[in-house]
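Observations on the model geometry
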Amino acid sequence: MDKVMSLVLFSRGPPTGSRGELGFDGRVVLYPSNRNLKDYLSWRQADCHINNLYNTVFWTLVQKGGLTTVQAEDRLKGTLAAAKNEILFSEFDINYNKEPAIHRKGTILIWEKHDESLFKQTKGVNGERKDVHVTRSRRSVQAYHCDIIGEEFWQQHANILEDDGC
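What counts, and at which threshold
Residues numbered from 1 in each chain as written. Predicted model: local features only at pLDDT ≥ 70, side-chain atom pairs only at ≥ 80, totals over all residues. Heavy atoms only, no water. Helix = DSSP H or I, 4+ residues; strand = E, 2+ residues; numbered from the N terminus. Salt bridge = Lys/Arg side-chain N within 4 Å of Asp/Glu carboxyl O. Buried < 20%, exposed > 50% of the residue type's maximum accessible area, 1.4 Å probe, protein only.

Focus on unusual backbone geometry
At Asp93, a residue that is not glycine, the phi angle is positive and equals roughly 55°. Summarising the element assignment, Asp93 is placed in the loop between helix 4 (81-92) and helix 5 (101-105).

Rendered as structure tokens:
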């Protein structure tokens, strides 16, 4: 698990202030039921959305609105999502709902099985080569940027959860 927890994907290099070492905030948690797991993951996605909305407005106020970071923080104190959306739309013509899903929903990584078909060359008893069709099952990590709060995701990826009757 240590190896898994130390892996990180950065698209723009190491974070500012790091000593060149990549970091990752990860947890391994066992939940007693599928409902508990789905509730936890739904909360994490909602938290991702809240944090990204705040950061989008904050940095837009700084980079496009000319505010300092202190002024932007003061302006956003106590605001709810509707007010943040209004700032983006009315002052900067940004519709937050049209921002890429990767930012609004986060990234869900899932191990998925898929069949791989290929021809393998074998030698027969008399030394002749023969192409044999082989199908094998492989697993790979797939990234999704979608809503996991509703039931549609869980219906499309039913194999993620064990059957616990919940």
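Regarding the pattern of salt bridges
Tallied over the entire structure, the rule returns seven salt bridges. The salt bridge involving Asp39 is made with Arg35; its shortest N-O contact spans 3.0 Å. With Asp39 and Arg35 both in helix 2 (residues 34-63) and four residues apart, the pair spans about one turn of that helix. Taking relative accessible area as the criterion, Asp39 reaches 40% and is therefore assigned partly exposed. Accessibility expressed as a relative area gives 38% for Arg35, which makes it partly exposed. In this structure, Glu151 and Lys38 form a salt bridge, with 3.1 Å as the shortest nitrogen-oxygen distance. Placement of the pair is Glu151 in helix 6 (residues 151-156) and Lys38 in helix 2, with a sequence separation of 113 residues. Residue classification places Glu151 among the partly exposed positions, given a relative accessible area of 38%. Given the relative accessible area of 11%, Lys38 is considered buried. Through salt bridges with shared partners, a single ionic network connects Arg35, Lys38, Asp39 and Glu151.

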